[in-house]
Amino acid sequence: MTTDKEPIVPSDHNNEPATPAEIPFSEASVSHRHDDVFDIKTPDHITDVRWRDGAYEFTCRNGIALRIQVLSPGIVRLRYAQESIFPADFSYAINPEFTPEKVSVRLDENDNEYLLVSELLQVVVAKADLKVKFYDLDDRVICEDEGGFAARRTIMKGWCDLSVEHKCTKKFSFYGLGDKTCGSDLTGHTFENWCTDSYGFGRGSDPLYRAIPFYYALHQQLAYGIFLDNPFRSRFDFNSNENGATRFSVDGGEMNYYFIYGPEMLDVARAYARLTGVHELPPMWALGYHQCRWSYYPESVVRDLANRFRKENIPCDAIYLDIDYMDGYRCFTWNEQHFPSPKQLVADLKAQYFQTVVMIDPGIKDDPDYHVFKEGIENEMFLKTADGDIAKAPVWPGFCAFPDFTSAKVREWWGNLYHDMYDNLGVAGFWNDMNEPAVFHVNHKTLPDHVVHHYEGHGGSHRKAHNIYGQQMSRASWEGYRQLQPQKRPYLLTRATFSGGQRYSAVWTGDNGSDWEQLQIANIQCQRLAVSGFSFCGTDIGGFTGCEDGELFVRWLQLAVFHPLMRTHSKGIHVAGDGLEIQHDGEADENADGSTEFLSSHLMKSQEPWSFGAKWTDLARKAIELRYCMLPSLYTAMWLHSLDGTPVLRHMIFADAN
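Residues numbered from 1 in each chain as written. Predicted model: local features only at pLDDT ≥ 70, side-chain atom pairs only at ≥ 80, totals over all residues. Heavy atoms only, no water.

When you go through the protein chain residue by residue, the secondary structure sums to ten helices and 36 strands. For 658 residues, the compact-globule formula gives about 26 Å, and the C-alpha radius of gyration of the protein chain, at 27 Å, lands near that figure. Projected onto its principal axes, the C-alpha coordinates of the protein chain cover approximately 90 × 80 × 50 Å. Residues classed as buried in the protein chain amount to 60% of the 658 residues present. In the protein chain, the share of contacts with a sequence separation of at least 24, taken over all contacts with a separation of at least 6, comes to 68%. Only carbon and sulfur atoms are counted for the fraction: they give 48% of the accessible area of the protein chain, which is about 27,100 Å². (Helix = DSSP H or I, 4+ residues; strand = E, 2+ residues; numbered from the N terminus. Rg over C-alpha atoms; globule rule 2.2 N^0.38 Å. Buried < 20%, exposed > 50% of the residue type's maximum accessible area, 1.4 Å probe, protein only. Contact = heavy atoms within 4.5 Å. Areas by Shrake-Rupley, 256 points an atom, 1.4 Å probe, with all protein chains shown as cover.)

It is worth spelling out the layout of surface pockets at this point. In this structure, the second largest pocket spans a volume of roughly 550 Å³. For the second largest pocket, the lining is made up of 29 residues, of which Pro87, Ala88, Gly253, Glu254 and Lys464 are closest to its centre. Counting only elements with at least two residues in the lining of the second largest pocket, the list comes to strand 6 (75–81) and helix 7 (462–484). Broken down by element, the lining of the second largest pocket gets its largest block of residues, three residues, from strand 6. Grouping the constituent residues of the lining of the second largest pocket by class yields 15 nonpolar, eight polar and six charged. (1 Å grid on protein atoms, 1.4 Å probe; cavity = no way out; pocket = protein on both sides within 12 Å on 5 of 7 lines; lining within 4 Å. Points joined across faces, edges and corners; volume = space filled by probe spheres on them. Nonpolar A, V, L, I, M, F, W, Y, C, P; charged D, E, K, R; others polar.)

Now for empty space enclosed by the protein. The tally for this structure, following the rule as stated, stands at three cavities of 30 Å³ or more. Lining the largest cavity are 14 residues, and of these Glu280, Trp478, Pro490, Tyr504 and Phe536 lie nearest its centre. When its residues are assigned to classes, the lining of the largest cavity shows nine nonpolar, three polar and two charged.

Secondary-structure assignment places serine 505 in the loop between strand 30 (492–494) and strand 31 (506–508). Those residues in contact with serine 505 that sit more than four places away from it in its chain are His279, Ser474, Leu492 and Thr494.

Cis geometry is adopted by the peptide bond preceding serine 295, which originates at tryptophan 294 and carries an omega value of 5°. Summarising the element assignment, serine 295 is placed in the loop between strand 20 (289–294) and helix 2 (299–311). The step from tyrosine 297 to proline 298 runs through a cis peptide bond, and the omega angle for that step is -5°. By the secondary structure assignment, proline 298 is in the loop between strand 20 and helix 2.

Our next topic: the pattern of salt bridges. Tallied over the entire structure, the rule returns 44 salt bridges. In this structure, arginine 303 engages aspartate 348 in a salt bridge whose closest nitrogen and oxygen atoms are separated by 2.9 Å. On the criterion of sequence distance, the pair formed by arginine 303 in helix 2 and aspartate 348 in helix 3 (residues 342–351) is long-range, its members being 45 residues apart. Classification of arginine 303 as partly exposed rests on a relative accessible area of 26%. Glutamate 312 is the partner of arginine 621 in a salt bridge, and the nearest nitrogen-oxygen pair spans 3.4 Å. Of the two residues, arginine 621 sits in helix 10 (residues 614–644) while glutamate 312 sits in the loop between helix 2 and strand 21 (318–321), which places them 309 residues apart along the sequence. (Salt bridge = Lys/Arg side-chain N within 4 Å of Asp/Glu carboxyl O.)

Moving on to the sheet that holds strand 31. Here nine strands make up an open sheet; going across it, the order is 32-31-30-27-22-21-20-34-33 and the pairing parallel. The strands lining the two open edges of the sheet, one partner per strand, are strand 32 (537–538) and strand 33 (540–541). As paired strands, strand 33 and strand 34 (residues 566–571) are joined by two bridges and run parallel to one another. Looking at strand 34, one finds that aspartate 540 is bridged to arginine 567. (Pairing = 2+ DSSP bridges.)

Averaged over the protein chain, the pLDDT score is 93; the fraction of residues at 70 or greater is 93%. The low-confidence segment residues 1–13, where pLDDT is below 50, has zero contacts with residues more than four positions distant or belonging to other chains. Low pLDDT, under 50, characterises residues 577–604; the predicted model gives this stretch 61 contacts beyond four residues in sequence or across chains. (pLDDT = per-residue confidence, 0-100.)

Let us now look at helix 4 (residues 371–378). Residues of helix 4 that are buried: Val372, Phe373 and Gly376. On an axial view of helix 4, the arc spanned by its buried residues comes to 100°, and they lie on one face. Of the residues one or two after helix 4, glutamate 380 is the one with positive phi, at around 55°. (Arc of directions from axis to C-beta.)

We now examine the packing of aromatic side chains. Two measures describe an aromatic ring pair: the distance that separates the ring centres and the angle between the ring planes. Summed over the entire model, instances satisfying the criterion amount to 52 aromatic pairs. Aromatic rings pair up to connect Phe332, Phe373, Phe382, Phe405, Trp413, Trp414, Tyr418, Tyr422, Phe430, Tyr469 and Tyr481 into one cluster. Over the face of the ring belonging to phenylalanine 38 we find arginine 152, whose NZ or CZ atom lies 4.1 Å from the ring centre. (Phe/Tyr/Trp six-rings, centres within 6.5 Å; stacked < 30°, edge-to-face > 60°. Lys NZ or Arg CZ within 6 Å of the ring centre and 35° of its normal.)

Spatial strand order, 23-26-25: three strands in an open sheet with antiparallel pairing. Each edge of the sheet is formed by a strand with only one pairing partner; in this case those strands are strand 23 (364–365) and strand 25 (392–395). The pairing of strand 25 with strand 26 (residues 398–401) spans four bridges and is antiparallel. Following the sheet pairing, alanine 393 is matched in strand 26 by cysteine 400.

In this fold, threonine 276 is placed in helix 1 (residues 265–276). With a relative accessible area of 0%, threonine 276 lands in the buried category. Along the sequence, threonine 276 and glutamine 502 sit 226 residues apart, while their C-alpha atoms lie 8.2 Å from each other. Setting aside its immediate chain neighbours within four residues, threonine 276 contacts Ala93, Ile94, Asn95, Phe227, Gly500, Gln502 and Arg503.

Judged from the six bridges that link them, strand 3 (residues 46–52) and strand 4 (residues 55–60) form a sheet pairing that is antiparallel. Each bridged residue has a counterpart across the sheet, and for tryptophan 51 the counterpart in strand 4 is tyrosine 56.

Now for the packing of helix 2 against helix 3. Viewed as axis vectors pointing N to C, helix 2 and helix 3 meet at an angle of 5°, and their least axial separation amounts to 11 Å. The orientation of helix 2 with respect to helix 3, classified from their angle, is roughly parallel. Counting all contacts with helix 2, which are made through Glu299, Val302, Arg303 and Ala306, the residues of helix 3 involved are Gln344, Leu345, Asp348 and Leu349. (Axes fitted to C-alpha atoms, helices over the stretch in contact; angles between N-to-C directions. Parallel < 35°, antiparallel > 145°, perpendicular 65-115°, else oblique.)

Moving on: the nonpolar core. Ile360, Trp414 and Phe430 are the most contacted members of the largest nonpolar core, which has 106 residues in total. Ignoring any residue separated from it by four or fewer positions in sequence, one finds isoleucine 360 in contact with Tyr325, Met326, Cys331, Phe332, Trp414, Tyr418, Met421, Phe430, Trp431, Asn432, Asp433 and Met473. Ranked by size, the runner-up nonpolar core spans 48 residues in total, among them Ile46, Tyr56, Ala217 and Val250. (Core = buried A, V, L, I, M, F, W, Y, C linked by side-chain atoms within 4.5 Å.)

Now for the packing of helix 5 (residues 408–416) against helix 7. Following both chains from N to C, one finds helix 5 and helix 7 inclined at 55°, their axes separated by 8 Å at the closest point. In terms of their interaxial angle, helix 5 and helix 7 are classed as oblique. The way helix 5 lies across helix 7 gives a crossing that is right-handed. For the pair formed by helix 5 and helix 7, the contact residues are Arg411, Trp414, Gly415 and Asn416 on the first element and Gln472, Met473, Arg475, Ala476, Ser477, Glu479, Gly480 and Leu484 on the second. Of the residues contributing to the contact of helix 5 with helix 7, the split by class is four nonpolar, five polar and three charged. (Left-handed = near helix turned anticlockwise from the far one by under 90°.)

So, in structure tokens, the structure goes:
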């Protein structure tokens, strides 16, 4: 007997190669199983052309179809169907008040192409492969397909990668796409749009909190825009491989995009605003200086803060209350020990010329004694899984349910929940946070894909509705304010949103860091947000994580003078959630009410204008006073934006295309 035995290994089935996890359908055999099998479908020869539903429809032999609709002399819509069936035409992004213009379009044909000629553009469609080119009336090529349209289908995922590829050269430059953290020109980069809780983001972080699938292209001083109207996760590649192509794609739904011709950059911006809407003119106070921290509590701290501003003669129009004003993070409630008389507090702040802004999150605490949760359960207001269970996940209060804001019934209910705060207590503005929606503890960071949304009767999974969840929460809040006090101009700030969300709320760039690089990023982010439709934008002045440098803080204030939203916000002393265990780097100090304050030096960084000593206080005061000197100009700029969508902030390229 020997102990030198060969190790036992699994049989390799006569040395056959390992079965690949995923293979093309054309190579699949009924004798083998794989994780998935895919097929890539591209257009072939056009066999039919007809006028249908206000568009020219081109159908290929293999069933792929393209509808081209000229909505105005400079706006052309392209919709692709993989199997000649177009879904119901619905969009959360397009402004309900947008109406197509009457445009004269002529369809011509030659041996190789179809040609649509309008007042500004010529759209050429190749008969052989459905590739599209856009020309101006001087026969200059503005944009043309490289690979054109393609769609990937798998057994397990269905249609999961719908893409369009355009040609580009090194002379192209690209702008927009929301608040990405690179330089102003997007060329050479890839990006993803998936609303994500991006705490502590930095240079190169992607995706971020917002999904804005709209960009500008500039070539030989001719500008055009591409707006991809699809809420699924989307990806953009601006010639990152230097292969002479840009590509945009979505994980589901339909390939539905708008080509927006300039020829100037501002022409594109205004046309995009016509499509998706503009910010309404905000109340004047909303353009003043705002002070916020996580968190100002109890009530005595808020009063001391207000008194200090007036004592220091530093202008300020709004004080924010973060989540610690609530009773155990239950939205639409107050912590009675920290804020025993909220109505009196709001009235007293108003007497000192401060407006009060409070945070409202979408996560509704799982508590049968909590009136909002109870109403939501009784009236079926919350999202459910595909099996019919209430979808619950942990956020600040512990496990929460989430309203289905894609239902008109739910939006009306949600809007009315603001009645006590807005009508009775006199709270002037609200701040919708954590509405990606964010979920703790799991890498996915949001609700599971199988959660089901109403989607205005069309239905859809969370893959489809995730990117518009924050936008529709903002809509529900905004419509509630309008219903409750129609004579008043509302103020709403949101973290997550989608194209078209500017119709409901202002935005800020999220939980940024406190360093000089972040100051540079903030400068570009706000410009990019503004040219992407969100002019009412700003950053957390000084950085959310807590500024330790008086010069950095003052420089940030000086930059923010020119941002429509001017708000300082930082992480300070706050209370741990009663349903969530959070790690801290300081020692805990238990209050009389059983709540816990964490008094680490990291969490106690103050970021008020006087926090860095007398020298920096004087400079901070001067910066904020300059803001108030500029208010008439800024108010006028916002008014002009509300008329035609002109971005309040713009890259220099908008002034000089050279």
